[in-house]
Structure formats: structure tokens, C-alpha cells
Amino acid sequence: MTLASARDLMREAAEAGTGIGAFNVIHLETAEALVRASERANLPVVLQISQNCADYHGGLEPIGWATLAVARRAATPVAVHLDHAERPELVDEAIALGFGSVMFDGGKLDYDENVRITADVASRARAAGVYIEAELGEVGGKDGAHAPGVRTDPDEARAFVEATGVDSLAAAVGSSHAMLDRSASLDIDLIARLKSALRGIDGAGGDVPLVLHGSSGVADEVIVQAVRAGMTKINVSTHLNGFFTRAVRETLAADEKLVDSRKYLSPAREAVAEEAARMLRLFALESA
């Protein structure tokens, strides 16, 4: 199967009122695990490579090519997405490599600067036929994301999307990146108001989908509420990383003489595949 269109996957999920899982790739093993999850659940998935991940691998190209190759071999629809790029040139590189979806993150900038740079990046993405996501209202560390001042305002969200021409919007509604517990409290009413504010303003007169970042810190039942209120793309990284790391620790603890990394990475890959498949079903409201 060829790479899936992120635009098509997002439109289908938004029209169905369901969510789609967008999971972060850390290395080849996680990319493989996430495709296995998609195939097990028989549901589409978005594989995300963050700016931090690209920097870890010494550049976007090595991990980008590997992830694209894994995605192309999938039996289910798989899209590849650049996540949280704060450098516009990284967005350009992802487009050149063949990513179908990119995110420019100007959430830390002031509003006018965010609009200016995002609009410029978005124009290049659109010219290349690439789906683009942006952020308004910083989904930052635990304290910042829970402060009322960083929540996304619905009227400002509509103005931002109209000014930049982005295809989807990551909004700050109470979640936070890198949480190790699942205790975040989302503003479900705000999600519904954001959804209403973004109706009918994409290039084809349709809705602009909402993206929930920091979903690792959100309990299952709250994610379901968020999807039903209007969230479409649900981003998860830290939660799945925990499954990977715990499996590695358990395998190594059981055999102190183990030195072949494949022997302890395989159970970790499997642990991520199982949990990611469960989450895909949950986001699609199949097990809600």
C-alpha cells in the first residue's frame, strides 16, 4: 500500500465524528510497532517525527526515510507527519522528503509573529500539496498548559486559521506534554466551542479539524469525551514510551547475561503495538 493522505484521513475522521491516533516515532522499533498496531486494529494511523527526534538522529533524513519505508509497506492506511517543527527549514525538508503532513509550531511566539511565520510556511506547504497543522495557545510543560492564560480562545482560533490558511489546529485545552500520569483535566466545553468556531472555513468550505497534543496525560474516558466534543487527531508519545521502556527493563531484569539488543527490543516493540492498537480502537470510539 502507498502512503495514505493525511488530508483524507483527517477529513474522514472529522466527518465521522471519530478520532485518529497520531503516535510519535522515536526509532525504527517504534515505527514498526505503530504500523503493527494499525494492522491489528484495522484502523489508520499517523506516524509522527518530532523536531527533537530528528535532532536525536542527527537530522530528519535518516529517521524520515526509515519511517516512510515502514509506512509504505503497511497493509493499512499510514500517514507520515512532521511534529512540532519550530524551524521553518525543517518543514521544507520534510516536504522535500515526501512527508504528506507537517506541523509548524509557533505556539511560543506572540500572536502576530505566529500568524506571519505560520502563513508563510503554510503557503509553501499548500503549494506542495502537503497538509499543514499549526498551534495556537501553548501546549507546553505541565504547569503552563494548565494555566488559564494559555488556553486557546475560539474567536482568536478562527481569526488565526483564516489568516494563515492552515488545515488543522492544535489547541491548548488543558493537556500537557510529557506527563507520566493520566490526570490532566480537559475543558470539554472549550473544545466544543472551538469546534463550532472552526466550522466551514477550510479551503473547500468544510471544518478545520482540532488536534489534541499531550494526550498521554489524559485518561481514556476523558479522551472519548474530547473526541465526541470535536477533537479529531489525538497525539500520544510519552504513554507509549512507558510501555516500551518497562518491557525493556523487565526483559533485562529476567536475564542479566542478555546482550543481543534484538532480544529485549522485540518484547518492547510488541508492548507498544498492543497498547497502540487498543488506543486506536478507543479513539475510533470502537471500545468507548
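Residues numbered from 1 in each chain as written. Predicted model: local features only at pLDDT ≥ 70, side-chain atom pairs only at ≥ 80, totals over all residues. Heavy atoms only, no water.

## Quick word on the overall build of the protein
We apply this condition: Each helix is a run of DSSP H or I of at least 4 residues and each strand a run of E of at least 2, with the numbering of both proceeding from the N terminus. For the exposure calls, accessible area comes from a 1.4 Å probe over protein chains only, and a residue counts as buried if that area is under 20% of its type's maximum, exposed if over 50%, partly exposed in between. When checking whether two residues touch, look at their non-hydrogen atoms; a contact exists if any pair is within 4.5 Å. Residue burial considers only the protein chains on display, and all accessible areas are found by Shrake-Rupley using a 1.4 Å probe.
Counting secondary structure elements, the protein contains 12 helices and 8 strands. With 288 residues in all, the protein has 54% of them scored as buried. Long-range contacts, defined here as pairs at least 24 residues apart, represent 71% of the contacts in the protein between residues at least 6 apart. Carbon and sulfur atoms provide 50% of the accessible area of the protein, an area that totals close to 12100 Å².

## Describing the sheet that holds strand β4 (residues 101-104)
Operational definition: Here a strand pair is declared whenever DSSP counts at least two bridges between the two strands. Only the stretch in contact is used when fitting a helix axis, every axis being a line fitted to C-alpha atoms; angles between N-to-C directions are given from 0 to 180 degrees.
On the basis of which strands lie adjacent, the closed barrel formed by 8 strands has the order β1-β2-β3-β4-β5-β6-β7-β8 and parallel pairing. Taking the axes of each pair of neighbouring strands and ignoring which way they run, one obtains an average angle of 25 degrees across the sheet. Pairing geometry for strand β1 (residues 20-24) and strand β2 (residues 45-50), over 3 bridges, is parallel. The residue of β2 that forms the bridge with asparagine 24 is glutamine 48. Sitting on the sheet, helix α6 (residues 111-127) touches β4 and β5 (131-136), and the angle it makes with β5 is about 175 degrees.

## Re the layout of surface pockets
The following threshold applies: Think of a 1 Å grid over just the protein atoms. A cavity is a set of points where a 1.4 Å probe fits yet cannot get out, a pocket is an open set with protein on both sides within 12 Å along at least five of seven lines, and lining residues have an atom within 4 Å of a point. Grid points are joined across faces, edges and corners, and a volume is the space filled by probe spheres set on the points. Classes in brief: Ala, Val, Leu, Ile, Met, Phe, Trp, Tyr, Cys and Pro nonpolar; Asp, Glu, Lys and Arg charged; the others, Gly included, polar.
Estimated volume of the second largest pocket: approximately 410 Å³. Lining the second largest pocket are 20 residues, with Arg11, Asp202, Gly206, Asp207 and Pro209 sitting closest to its centre. Looking at the lining of the second largest pocket residue by residue, the class counts come to 9 nonpolar, 3 polar and 8 charged.

## Things to note about the environment of asparagine 24
Rules: Counted as a polar contact is a pair of N or O atoms within 3.5 Å, where, for protein atoms, one must be capable of donating a hydrogen and the other of accepting one, and residues adjacent in sequence contribute only when both atoms are in side chains.
Turning to its location among the elements, asparagine 24 is positioned in strand β1. In this structure the C-alpha to C-alpha distance between asparagine 24 and leucine 82, which are 58 residues apart in sequence, comes to 9.6 Å. Excluding residues within four positions of it along the chain, asparagine 24 makes contact with Thr30, Leu34, Gln48, Ser50, Asp83, Val236 and Ser237. Polar contacts involving the side chain of asparagine 24 include one to the side chain of glutamine 48, which spans 3.0 Å. At a separation of 3.3 Å, a polar atom in the side chain of asparagine 24 contacts the side chain of aspartate 83.

## Observations concerning the nonpolar core
Here is the rule we go by: Working definition of a nonpolar core: buried Ala, Val, Leu, Ile, Met, Phe, Trp, Tyr and Cys residues. They are joined through side-chain atoms within 4.5 Å.
If you look at the biggest cluster of nonpolar residues, it comprises 85 residues, and the most contacted ones within it are Phe23, Leu60, Leu82, Phe99, Val102 and Val173. Among the elements that take part in this core, helix α12 (residues 261-283) stands out by supplying 11 residues, more than any other. Within the second largest apolar cluster, 13 residues are counted, among which are Leu9, Ala13, Ile20 and Val46.

## Comments concerning the pattern of salt bridges
Quick reminder of the rule: Salt bridge, as used here, is a side-chain nitrogen of Lys or Arg placed within 4 Å of a carboxyl oxygen of Asp or Glu.
As enumerated under the stated definition, the model contains 17 salt bridges in all. Measuring nitrogen to oxygen at the nearest pair gives 2.8 Å for the salt bridge that ties arginine 116 to glutamate 113. Of this pair, arginine 116 and glutamate 113 both sit in helix α6, 3 residues apart, roughly one helical turn. The exposed category is assigned to arginine 116, whose relative accessible area is 52%. Here glutamate 113 falls in the partly exposed class, since its relative accessible area comes to 30%. One connected set of salt bridges, linked through shared partners, spans Arg36, Arg40, Glu270 and Glu274.

## Brief notes about the packing of aromatic side chains
Here is the rule we go by: Stacked, tilted and edge-to-face are the three classes applied to pairs of Phe, Tyr and Trp rings, where Trp contributes its six-membered ring and a pair requires centres within 6.5 Å; stacked means planes under 30 degrees apart, edge-to-face means over 60, and tilted covers the rest. Any Lys NZ or Arg CZ that is within 6 Å of a ring centre and within 35 degrees of that ring's normal is treated as a charge sitting over the ring.
Inspection of every chain in the model, using the stated rule, returns 2 aromatic pairs. Note on phenylalanine 23 and phenylalanine 283: the rings are 6.2 Å apart at their centroids and 50 degrees apart in plane angle, and the pair reads as tilted. Taken as a pair, phenylalanine 23 in strand β1 and phenylalanine 283 in helix α12 lie far apart in primary sequence, 260 residues in all. Phenylalanine 283 shares its class with phenylalanine 23; the two are buried. Of note, arginine 246 hangs over the ring of phenylalanine 243, and the distance from its end group to the ring centre comes to 4.9 Å.

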